[in-house]
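# Results of the structural survey
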Amino acid sequence: MLNRRRFVTLGATALGGAAVLPLTGDLLSPPPPIANAHHAGHGGSAAAVDATNVTFTPFTQRMPVPATLRPSHKTADTDIYTLPVRAAEAELVPGLRTPVLTYGGQFVGPTIRARTGRRTRVTFTNELDRPTNVHLHGGHVSPENDGHPMDLIPPGQARAYEYPNAQRAATLWYHDHTHGLEADHIYRGLHGFYLIEDRAERRFNLPDGAYDVPIMLRNAQFDEDGALVFGHPDNRTTILVNGKAQPYLPVAARRYRFRLLNSALKHVFRLNMGGVPMTKIATDGGLLPAPVERTELEVSSGERVEIVVDFAPHLGHGPLYLYDGENPILRFDVSRAHGRSDHSDVPDNLVPLPALAAATVERTMVMSMDMSVRPPIGLINGRPFDPYRVDTQIKQGATEIWNIVNADVSPFPFDHPFHTHLLQFQVIGRNDGPPLPEDAGLKDTVYVSPMGSVRIQMTFDTPYLGRYMYHCHFPEHSALGMMAQMEIIP
Ligand code: C2O
Ligand code: CU
Ligand code: CU
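Below: a short report on this structure. This is a predicted model, so every value here is computed, not measured.

### Things to note about the coordination of the copper ion (ligand 2)
Around the copper ion (ligand 2), the protein supplies H135 (NE2) and H419 (NE2) as donor atoms, at distances of 1.9 Å. In this pair, H135 sits in strand β6 (residues 135–137) while H419 sits in strand β26 (residues 416–420), placing the two residues 284 residues apart along the sequence. The exposure classification of H135 matches that of H419, with both residues buried.

What follows is the structure in structure tokens.
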């Protein structure tokens, strides 16, 4: 029988020998030998190992916008799609071909656009030589459609996922969630945008169409030939913007809406435009009650932030850059070209947050990494993930407060972004004080600093009963066990 130990071991294999996983649909087969297991906790000392990287001239590739997926047909209430999951090659670094895993052949999968109240059905066909599955991150979906880490699509098979889109407009994303392999699969390209729009949003005059641009940010490590290296996270020094290393984007001298997603396995982006104001309008779960001007945005793995940037004042003043800290990652070339007059604006008020009902249950979730063993084990409340164990039972309709604690201290002060499936929450406190201004809005993923804590509140207002995950959204940590199960009960 499966036991906890086996799952932890299986998880660890994904960290090292990931390129050649002989898993062919049978998660019970003995795991392959563990290579590079010292990478597992990424505790620091291994940083020197295999720091190979490519050199290239930045800002020579144009940033693509992932194509919108076309439905194969439509019924009265459903848009129907098929999307193959397949190996492919992509030019991520100028002049180099990189073997990748893709949705529909694209390193950043095609964007699926949905509307609140209209259903989406996507049939994913697994053309890989290993199992996969698909999780809609941020989606309010039934447990059968959530991409449970043990609920897989074997190689050669297909599976339809149903998404009701009974939720607010928001920037979601879809990605692999195969237990133990999720980190490897996401790293190699199994990620794409899923955008929901609704009436409330359409009422506004936000930049739309070609001026509403999803931008996936992540890092990667390449060898000289352009192959992805799945090693120590600190060596992933190449930043990919919609799947291109440090690209440029021609923009018109007008307002743009950018939907920023951090799909890196482990990275906190410190986004800025060198002091140019960015108007933050939305978080993971959709529009804020009101826009806020920021000059810096911290975006941790799994999080989304939407901004509006007005390029009009910058026409004729040379390029602008989006920076991660000091590192320019995307160049904007401002021109008048294709700039019809800009009728968009950002209203003073957007969409109010749902009122917080009084909480009747309080829980504590402690995230920690056991570094005394090799490979390390990820823990929530002292236990690694066990697919046969329900960690938390939650009454349908209940309002709960969770105090998320990061117990990792020196010499391994890991940070952990905490993610809940099924629902968005609101952050009501941080580090024993009030939330930070940037914690405002509906969230499903929240950064928890080493030794820090975050209080979240949510109402399990859902028609669905069953099991869902909550976990650290550094997939290398969840693969090592930092993941648990909640069960919604009547
Ligand atoms: Cu984006 Cu369970 O994760
Ligand atoms: Cu999720
Ligand atoms: Cu973590």
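### So, the sheet that holds strand β14 (residues 255–262)
With mixed pairing, the seven strands of this open sheet are ordered in space as β12-β11-β10-β14-β19-β16-β17. Strands with a single pairing partner mark the edges of an open sheet, and in this sheet they are β12 (244–245) and β17 (286–294). By the bridge criterion, three bridges tie strand β16 (residues 278–283) to strand β19 (residues 304–310) in an arrangement that is antiparallel. Paired with T279 across the two strands is V308, which belongs to β19.

### Observations concerning the sheet that holds β6
Read across the sheet, four strands follow the order β4-β9-β8-β6 without closing on themselves; strand pairing throughout is mixed. The open sheet has two free edges, formed respectively by β4 (109–115) and β6, since each of these has just one partner strand. On average, each strand axis in the sheet is tilted by 25° relative to the strand beside it, whichever way the strands run. Examined bridge by bridge, strand β8 (residues 170–175) and strand β9 (residues 191–197) share six bridges and lie antiparallel to one another. Among the inter-strand pairings, H175 is bridged to a residue of β9, identified as H191.

### A short note on the environment of V93
Inspection of the secondary structure assignment puts V93 in the loop between β2 (78–90) and β3 (98–103). Distance in space between the C-alpha atoms of V93 and G243 is 8.8 Å, their sequence separation being 150 residues.

### Looking at the coordination of the copper ion (ligand 3)
Four donors placed tetrahedrally around a metal ideally meet at 109.5 degrees, and six donors placed octahedrally ideally meet at 90 or 180 degrees. With distances of 1.9 to 2.1 Å, the protein atoms coordinating the copper ion (ligand 3) are H416 (ND1), C472 (SG) and H477 (ND1). Mapped onto the sequence, the donors of the copper ion (ligand 3) take the spacing H-x55-C-x4-H. Here H477 lies in helix α4 (residues 475–479) and H416 lies in strand β26, a separation of 61 residues in the sequence. Classification of H416 as buried rests on a relative accessible area of 0%.

### Focus on the pairing of β26
Of all the five residues making up β26, five are buried; the element is thus mostly covered by neighbouring parts of the structure. Of the two faces of β26, the one holding H416, F418 and T420 and the one holding P417 and H419 are both buried throughout. Sheet topology places β26 next to strand β28 (residues 445–448); four bridges connect them, and they run antiparallel. Paired with P417 across the bridge in β28 is Y447. One ladder, built from three bridges, connects β26 with strand β30 (residues 466–472); its direction is antiparallel. For H419, the partnering residue across the bridge sits in β30 and is H471.

About the criteria used
- Residues numbered from 1 in each chain as written.
- Chains lettered and ligands numbered in written order.
- Predicted model: local features only at pLDDT ≥ 70, side-chain atom pairs only at ≥ 80, totals over all residues.
- Heavy atoms only, no water.
- Donors = N, O, S within 2.8 Å, 3.2 Å for Na, K, Ca; no water.
- Helix = DSSP H or I, 4+ residues; strand = E, 2+ residues; numbered from the N terminus.
- Buried < 20%, exposed > 50% of the residue type's maximum accessible area, 1.4 Å probe, protein only.
- Pairing = 2+ DSSP bridges.
- Axes fitted to C-alpha atoms, helices over the stretch in contact; angles between N-to-C directions.

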